[in-house]
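Per-entry structural report
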Amino acid sequence: MPGGTEAIVRVGALALQGDVREHLAALRAAHCDAIAVRTAAELEAVDALAIPGGESTTMSRLIRAFGLEAPLRRRLADGMPTLSTCAGTILLSREIRDGTGDQLALGVLHLTTRRNGYGRQLDSFEFDLEIPEIGAPAFRAVFIRAPVIEAVGPGVEVLAVQGGRPVAVRQGRHLSLTFHPEMTADHRLHRLFVEGLERVVEGAA
Ligand code: GLN
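Residues numbered from 1 in each chain as written. Predicted model: local features only at pLDDT ≥ 70, side-chain atom pairs only at ≥ 80, totals over all residues. Heavy atoms only, no water.

1. Focus on the site of the ligand
Around the ligand, the surrounding shell consists of Gly53, Gly54, Glu55, Ser56, Cys86, Ala87, Ile90, Arg115, Asn116, Ile144, Arg145 and His180. In this structure, glycine 54 approaches the ligand through a main-chain N or O atom, which is 2.9 Å from an oxygen atom. Measuring from a nitrogen atom of the ligand, one finds a backbone N or O atom of arginine 145 at 2.9 Å. Contact with the protein chains hides 96% of the accessible area of the ligand, taken as 300 Å² for the molecule alone. Tallied by class, residues from the shell around the ligand come to four nonpolar, five polar and three charged. (Near = heavy atom within 4 Å. Polar contact = N/O pair within 3.5 Å; in protein donor to acceptor, adjacent residues only side chain to side chain. Areas by Shrake-Rupley, 256 points an atom, 1.4 Å probe, with all protein chains shown as cover. Nonpolar A, V, L, I, M, F, W, Y, C, P; charged D, E, K, R; others polar.)

Next comes the structure, spelled out in structure tokens:
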């Protein structure tokens, strides 16, 4: 990237469904250039991508309808880092349980995720999550029809657990959550993601 350490990382937020505006605001607060991504050209212009929550089956259909499946697969294969939340984490998983047979499993994350895995009783809940990586205070994590991460493969670091299950994981430069960090004013997880990217850009300069 030109400009060496002056370069500002540009992060896209996939803008087909979900809390796009909130993710863009949180990314900007974490000191990066943030843009909405709806086209292959916009995807080409970013260094990394945030994939919001929503409904993973609908997002799969929209990704195909917008002609983004092939460009997304190509950028991911080239190592584009991602920050994914909830449905976004499902989309990036290797194995999806309780999915529809035709939904996208982009497969970059060595995770097995079960859609709506907390069941009806726990449809939505909030939890003060200890995340050693970002320190105190605990992070107010909002779960909405969240997936359960049932298995993690090699290279996946578990950053936080709730009820004995991983809810925040990191695989290389991918930061993947089953809750919604954009719904609170606490931007520490967006910052953690952006700082990881800056280190890489500086290292490459
Ligand atoms: N249950 C949704 C799905 O299967 C995910 C919910 C969310 O992103 N908040 O895609």
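Having put the structure on the table, let's press on.
2. Considering the side chain of arginine 170
Position of arginine 170 among the secondary structure elements: in strand β11 (residues 165–171). A polar contact of 3.2 Å, which involves the side chain of arginine 170, links it to the side chain of glutamate 133. If we skip the residues at most four places from it in the chain, arginine 170 touches Glu133, Gly155, Val156, Glu157, Leu159, Leu175 and Leu192. (Helix = DSSP H or I, 4+ residues; strand = E, 2+ residues; numbered from the N terminus. Contact = heavy atoms within 4.5 Å.)

3. A closer look at the nonpolar core
Counting residues in hydrophobic clusters, the biggest one holds 36 residues, and the most contacted among them are Val11, Ile131, Phe143, Phe179 and Leu189. With near-sequence residues (within four places) excluded, phenylalanine 143 lies in contact with Tyr118, Asp123, Ser124, Phe125, Phe127, Val167, Thr178 and Phe179. (Core = buried A, V, L, I, M, F, W, Y, C linked by side-chain atoms within 4.5 Å. Buried < 20%, exposed > 50% of the residue type's maximum accessible area, 1.4 Å probe, protein only.)

4. Observations regarding the environment of glycine 88
Along the chain, glycine 88 turns up in helix α5 (residues 87–92). Each C-alpha atom, one on glycine 88 and one on isoleucine 8, is 24 Å from the other, the two residues being 80 residues apart in sequence. Excluding residues that lie within four positions of it along the chain, glycine 88 makes contacts with Ile51, Pro52 and Gly53.

5. What about the sheet that holds strand β12 (residues 174–177)?
Here seven strands make up an open sheet; going across it, the order is β2-β1-β3-β4-β12-β11-β10 and the pairing mixed. Lying at the two open borders of the sheet, with one neighbouring strand each, are β2 (33–37) and β10 (157–162). The sheet shows a mean angle of 15° between the axes of neighbouring strands, direction not considered. Bridging between strand β1 (residues 10–14) and strand β3 (residues 48–51) involves three bridges; their strand directions are parallel. Across the sheet, glycine 12 pairs through a bridge with leucine 49, a residue of β3. (Pairing = 2+ DSSP bridges. Axes fitted to C-alpha atoms, helices over the stretch in contact; angles between N-to-C directions.)

6. Things to note about the sheet that holds strand β9 (residues 148–152)
The mixed open sheet is built from three strands, whose spatial order is β5-β6-β9. Each end of this open sheet is capped by a strand with a single partner; those strands are β5 (93–97) and β9. Across the sheet, the mean angle from the axis of one strand to that of its neighbour is 25°, orientation sign disregarded.

7. Some points on the pattern of salt bridges
For the coordinates displayed, the defined rule picks out 15 salt bridges. A salt bridge links arginine 64 to glutamate 69; its shortest N-O distance comes to 3.1 Å. What makes arginine 64 partly exposed here is its relative accessible area of 39%. Residue classification places glutamate 69 among the partly exposed positions, given a relative accessible area of 22%. (Salt bridge = Lys/Arg side-chain N within 4 Å of Asp/Glu carboxyl O.)

8. Observations regarding the environment of threonine 58
Within the fold, threonine 58 resides in helix α3 (residues 56–65). We classify threonine 58 as partly exposed; its relative accessible area is 24%. For the pair formed by threonine 58 and alanine 87, sequence separation is 29 residues and the distance between their alpha carbons is 9.7 Å.

9. Thoughts on the packing of aromatic side chains
Scanning the model with the defined rule gives five aromatic pairs in all. On the numbers, 5.2 Å between centres and 70° between planes, the contact of tyrosine 118 with phenylalanine 125 is edge-to-face. The pair tyrosine 118 / phenylalanine 125 is uniform in exposure class, with both members buried. Considering the side-chain rings of phenylalanine 143 and phenylalanine 179, the 5.5 Å spacing of their centres and the 55° angle between planes classify their relative orientation as tilted. (Phe/Tyr/Trp six-rings, centres within 6.5 Å; stacked < 30°, edge-to-face > 60°.)

10. Regarding a nonpolar patch on the surface
Side chains of Val152, Val158 and Val161 sit close together on the surface and give an oily, nonpolar patch of about 210 Å² of accessible area. Summarising the element assignment, valine 152 is placed in strand β9. (Patch = residues over 30% accessible without salt bridge, like charges linked within 9 Å, V, L, I, M, F, W, Y side chains within 5 Å.)

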